[in-house]
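Residues per chain are reported as follows:
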Amino acid sequence: MLTTYTLSVFTTNTIGLLNRITIIFTRRRLNIECLTVSETERKGVSRFTIVIRNENREIVEKLVRQIRKITDVLAVFGYLDDEIVFNEIALFKIATPLGSPALDVKTINLDWNAKVVHWGLDYVVVEKNGSEEEINEFYAYLKQWEILEYIKSGRVAVGKTEKGLVEYLPEGNWEIV
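What comes next concerns the included structure. All figures in this text were calculated on a predicted structure; none of them were measured in a lab. (Residues numbered from 1 in each chain as written. Predicted model: local features only at pLDDT ≥ 70, side-chain atom pairs only at ≥ 80, totals over all residues. Heavy atoms only, no water.)

Turning our eyes to something else, we now look at the overall build of the chain. Each helix and strand counted, the chain has four helices and nine strands in total. Taken across its 177 residues, the chain has 38% of its residues classed as buried. Taking the intrachain contacts of the chain between residues at least 6 apart in sequence as the baseline, contacts between residues at least 24 apart amount to 77%. Side-chain charges in the chain split into 22 positive and 25 negative, and the spacing between the mean points of these groups amounts to 7 Å. (Helix = DSSP H or I, 4+ residues; strand = E, 2+ residues; numbered from the N terminus. Buried < 20%, exposed > 50% of the residue type's maximum accessible area, 1.4 Å probe, protein only. Contact = heavy atoms within 4.5 Å. Lys, Arg positive; Asp, Glu negative; His and termini not counted. Charge placed at Lys NZ, Arg CZ, Asp CG, Glu CD.)

So, on to a positive patch on the surface. The grouping of Arg-28, Lys-62, Arg-65, Arg-68 and Lys-69 at the surface amounts to a positive patch. As for its position among the elements, Lys-69 is in the loop between α2 (57-68) and β4 (73-80). (Patch = residues over 30% accessible without salt bridge, like charges linked within 9 Å, V, L, I, M, F, W, Y side chains within 5 Å. Areas by Shrake-Rupley, 256 points an atom, 1.4 Å probe, with all protein chains shown as cover. Salt bridge = Lys/Arg side-chain N within 4 Å of Asp/Glu carboxyl O.)

Moving on to the sheet that holds strand β1 (residues 3-12). Taken in spatial order, the four strands make up an open sheet running β2-β3-β1-β4, and their pairing is antiparallel. Of all the strands in the sheet, just β2 (34-39) and β4 have a single pairing partner and so form its edges. Neighbour-to-neighbour, the strand axes of this sheet turn through a mean angle of 15 degrees, independent of strand direction. Pairing of β1 with β4 involves seven bridges; the strand directions are antiparallel. Bridge pairing links Ser-8 to Phe-77 in β4. Its contacts with the sheet place α2 against β1, β3 (45-54) and β4, and it is angled at close to 5 degrees to β1. (Pairing = 2+ DSSP bridges. Axes fitted to C-alpha atoms, helices over the stretch in contact; angles between N-to-C directions.)

Turning our eyes to something else, we now look at the layout of surface pockets. A volume near 190 Å³ is recorded for the largest pocket. Around the largest pocket sit 15 residues that line it, and Arg-57, Val-60, Glu-61, Val-64 and Gly-78 are the ones nearest its centre. Only β1, α2 and β4 provide two or more residues apiece to the lining of the largest pocket. In terms of residues, the lining of the largest pocket owes the most to one element, α2, which gives six residues. Among the residues forming the lining of the largest pocket, the class breakdown is eight nonpolar, two polar and five charged. (1 Å grid on protein atoms, 1.4 Å probe; cavity = no way out; pocket = protein on both sides within 12 Å on 5 of 7 lines; lining within 4 Å. Points joined across faces, edges and corners; volume = space filled by probe spheres on them. Nonpolar A, V, L, I, M, F, W, Y, C, P; charged D, E, K, R; others polar.)

Turning our eyes to something else, we now look at the pattern of salt bridges. Tallied over the full model, the rule gives nine salt bridges. For Glu-132, the salt bridge goes to Arg-53, with nearest N and O atoms at 2.7 Å. Pair noted here: Glu-132 is in helix α4 (residues 132-142) and Arg-53 is in strand β3, with a separation of 79 residues, a long-range link. Overall, Glu-132 belongs to the partly exposed group, its relative accessible area being 22%. A salt bridge links Glu-132 to Lys-152; the shortest N-O distance between them is 3.8 Å. Linking Glu-132 in helix α4 with Lys-152 in strand β8 (residues 147-152), this pair joins segments that are 20 residues apart in sequence.

Take the side chain of Asn-54 next. Position of Asn-54 among the secondary structure elements: in strand β3. Within the structure, Asn-54 has its side chain in polar contact with the backbone nitrogen of Asn-56 (distance 2.8 Å). Ignoring anything within four residues of it in the chain, the contact list for Asn-54 reads Met-1, Leu-2, Thr-3, Tyr-5, Leu-30, Ile-59 and Val-60. (Polar contact = N/O pair within 3.5 Å; in protein donor to acceptor, adjacent residues only side chain to side chain.)

What follows deals with the packing of aromatic side chains. Under the definition given, this model contains nine aromatic pairs. One aromatic cluster is present, formed by Phe-92, Trp-112, Phe-138, Tyr-139, Tyr-141, Trp-145 and Tyr-150 through successive ring pairs. The side chain of Lys-93 reaches across the aromatic face of Tyr-123, ending 4.7 Å from its centre. The ring of Phe-86 carries Arg-155 above its face, with NZ or CZ at 3.7 Å from the centroid. (Phe/Tyr/Trp six-rings, centres within 6.5 Å; stacked < 30°, edge-to-face > 60°. Lys NZ or Arg CZ within 6 Å of the ring centre and 35° of its normal.)

Below is the structure:
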């Protein structure tokens, strides 16, 4: 059975680092389900959040050890879904031409916990935050209207630990942004 793993990789902000990290996945024939990169609260430190699905924990542990060997990688942590708090964001561009069925904004806001973030002349853009399953259910609901565009972010996640993960970074003079 496939298990979802979320890897948090803390790195220095270096050109070409994404390529060096993804090559490790390519060599091991592992698919990255989603990838999000952002800066952290420490100046010069970036965080890669990588989601993979695999049935063999040992393969994932080997992958983590390989990533740790990269020079500009400061720390790597691997998590199962119950060890983190995570979310994704999706944007839906829905056609609303004159004469089409009205969009039920009240249901979208209250029942689906989504919101209209832009009103155009013939379309609206709706934002939905939540788990992959919640977003997929909302997508199925919106199919009754014409979906012009759909885009979903990668996962963002924080560990369910008392300390922030940056507390585990190697000693250094890390300036807080």
